[in-house]
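# Remarks on the overall topology
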Amino acid sequence: MTFPGARAVAILAVLFIALLDPSVEAQTKKKKPTARKKPVATRRAKPTPKPALSVAVGATFEERIASLVNGTVANSSEASIQIVELESGRSVAERNPHLPLSPASNMKLFTTAAAIDLLQPSFEVTTGVYARGEIDASGTLNGDLKIVGRGDPTIGGRFHDGSATAVLQEWAADLKRAGVKNVTGDLILEYGYMDTEYIHPTWPIDQLVNWYEAPVSAFSMQEGCVEVRVLPSRAGQACVVQLEPPTSYVRVENSCRTGRGLPFITRHRGTNTVIVRGGVPARSGATEVFVTVENPVHYFAAVANETLQREGIRIMGNIALVGHDPRPDWRLVSKHSTPLSILVYVINKKSQNHYAEQVLKMIGAEERKQGTWAAGTAEVHEWLTTKIGVPANEFHPVDGSGMSRDNRASANAFISLLRYMWKSPWREEFVSSLPYTGDPDSKFGNRLRRPPFARQIYAKTGYISGVIGLSGYVHAQSGKVYAFSFLFNRYRVGVFAVYNLQDEMLKEIVRSG
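Since the structure is predicted, the reported quantities are computational estimates derived from the model, not experimental observations. (Residues numbered from 1 in each chain as written. Predicted model: local features only at pLDDT ≥ 70, side-chain atom pairs only at ≥ 80, totals over all residues. Heavy atoms only, no water.)

## Considering the nonpolar core
Formed by 94 residues in total, the largest nonpolar core has its most connected members in F110, F300 and F430. If you tally residues by element for this core, the top one is helix 4 (residues 107–119), at eight residues. Excluding anything up to four places from it in sequence, F430 contacts L109, T112, A113, I116, L418, M421 and Y473. With 33 residues, the next largest nonpolar core counts I81, V92, Y482 and L501 among its residues. (Core = buried A, V, L, I, M, F, W, Y, C linked by side-chain atoms within 4.5 Å. Buried < 20%, exposed > 50% of the residue type's maximum accessible area, 1.4 Å probe, protein only. Helix = DSSP H or I, 4+ residues; strand = E, 2+ residues; numbered from the N terminus. Contact = heavy atoms within 4.5 Å.)

## A look at the pattern of salt bridges
By the definition in use, this model includes 24 salt bridges. Of the charged contacts, one joins K361 and D195 as a salt bridge, the two residues approaching to 2.6 Å between their closest N and O atoms. Remark: D195 occurs in the loop between strand 6 (187–190) and strand 7 (225–231) and K361 occurs in helix 8 (residues 353–368); sequence separation between them is 166 residues. Three or more residues joined by partner-sharing salt bridges are found here, namely R132, D144, D325, R327 and D329. (Salt bridge = Lys/Arg side-chain N within 4 Å of Asp/Glu carboxyl O.)

## Some remarks on helix 8
Compared with an ideal rise of 1.5 Å per residue, which puts 16 residues at 22 Å, helix 8 spans 22 Å between its outermost C-alpha atoms and is within 8% of the ideal. Burial of helix 8 is extensive: 13 of the 16 residues sit out of reach of the surface. Measuring from the side-chain oxygen of the N-cap residue of helix 8 to the backbone nitrogen of H354 gives 2.8 Å; that N-cap residue is Q352. (Expected span 1.5 Å × (residues − 1). Polar contact = N/O pair within 3.5 Å; in protein donor to acceptor, adjacent residues only side chain to side chain.)

## Section: the pairing of strand 19 (residues 457–464)
Pairing of strand 19 with strand 20 (residues 467–475), which is carried by eight bridges, proceeds in the antiparallel orientation. Counterpart to Y463 in the pairing with strand 20 is I468. Counted between consecutive antiparallel strands, the loop separating strand 19 from strand 20 contains two residues, among which G466 sits at a positive phi close to 85°. (Pairing = 2+ DSSP bridges.)

## Some thoughts on the environment of L145
Along the chain, the position of L145 falls in strand 4 (residues 140–148). Accessibility expressed as a relative area gives 1% for L145, which makes it buried. Taking C-alpha positions, L145 is 5.7 Å from Y130, a pair spaced 15 residues apart along the chain. Those residues in contact with L145 that lie beyond four places of it in its chain are Y130, A131, L175, V183, D186, L187, I188, I315 and W330.

From the geometry alone we can't say anything about function, so treat these as descriptive.
Put into C-alpha cells, the structure is as follows:
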C-alpha cells in the first residue's frame, strides 16, 4: 500500500552582503589629521516578541486545567472547549461548551461515526461490471457492457502501488476469463446512485483545482484528480510531463524547461487543461501534484474505455452515461468492493476530504435513497440530535469534510458524539481510525510523540484559515479516560500559540487527570 505525495524540488540561495565602513577608504588616503567625529548612533529595530506560551498554574488538576482553558489564548479567540471524564460524564473544564463554531476537519468525526453506526462496519461499497447479450465462439459479446458506480473513492493509485487503472485492469482480466474480447454494443456508465452536484456551492472557488476540493459523484477516478508528474529532460529542453492515469481526457500545456527554477502546475478553471510552466533542475527528481478533474463521470468513462481498449477489450459502440438502466437481463461479470473501515481509515488518518464527501453522499443514498449533500447532512443531523441527544441549535452540518465555513458544531456536540461512540459496539472501529500521538501514518503523530504522551491521545485535527480544532480521547496516567474538544475561531494570536495551548491542556490531562 503506497500513499503518493508530491516531492517538491528545493533550491537554496545564499546571499552574502558586505557592509563597508566608509572610514576604511578614508584611512588609505594621505590627509591632514582632522578632528575625529563621533559615530552616528543608529537605531536597531526591536525584535518581534515571541508569543507567550501557555503555562498551567494552580494546586489541583482542576485549577491548572482551568487556568489554561481561561488563559490569554482562549480569551483572544472565539473558543468552545470542554473536557469530560468519560465514564462519569463529569465535566472537569469548559469554556462556552454550547457555542457552535466552525470545526474544520473535526467535522469528519461526525461523518465517520454516523457512517459506522448507520451503515455498520459490515457495509461495503461495490462497483459492478455487467454484461447483456450472448458471447459467440470468437469472443464477441453481442450486446453491451455496463459499469454501475456507487461512489467508491479507492479506484485509483492509493491502494494499488500508484497505478490508477489497476482495478480497471482487473475488470478487463475478468471479462477475458468470461470469453469477451469484443463488444458490439455500448459501454454504459450508470451514475444515478449520487446526484450530479459535483462541487459544493460553499467551497472556496479559488481552490477548486486542489485535491482537497475534488468533485463528488458516483464515479471516482484517482480520488477525483489526475496525478501530474514533472521530470527533467536535457538542459534547455521541455520537461517531461506524465499523467496518472494516462488519458487523453486531460490536455497538457507544457512550457516548463529543464535547467533551473521550480515547476508550477495548475489547471484552467472550467476546462480539463493542465498547465505546467516554470523550470526543473536537470538533476532533480520528479515533482508530483494531484490536480482535480472536472466532470468526474465523463472522466471515469474515458479512462475506463481507454484502459479496456489497451487491455484488449474492443468496444465497438458508444460511451453512454445514464442515471439508471432498468433492463432486467444484465448479469454480473466483475466487481470491486471496499469495506467501510478502509474509507473511515483514510478519512480520519489522512484527513482526506474527497473520501468524507463520498461517504456522506453514501449515507444519504443508503438511508434516504438520495445521494446528495442535502440528504446526507439531514441524516447525520437527525442521527446526532435524535439518537445521541445533541441540541439541534448546536450542530449544523453542510458538508462531510469540514471544507465549508458554514458548518457549525459546539464542543458539547463533539463530547456527546465521543461518549456515544466510546460506549457503542463500534468503539474499536471508530477509535482505531483516529490519529494518535506518535502515529507514523498521520501528521498529528508529530505532536507529543515522546513518553509519557505518545499513544495516549487519539484525536482528529482540523484547520482552515482562522479555524483550528482538535477533538478526541486522552488516556491519563491515572487510568482514567477523558473526552475533549478544543475549537478555536477568529483567534487573534498566532497559530503556534493555539497549538501550544492545545498541547499543554493535553499534557496536563495525561499527567494529572
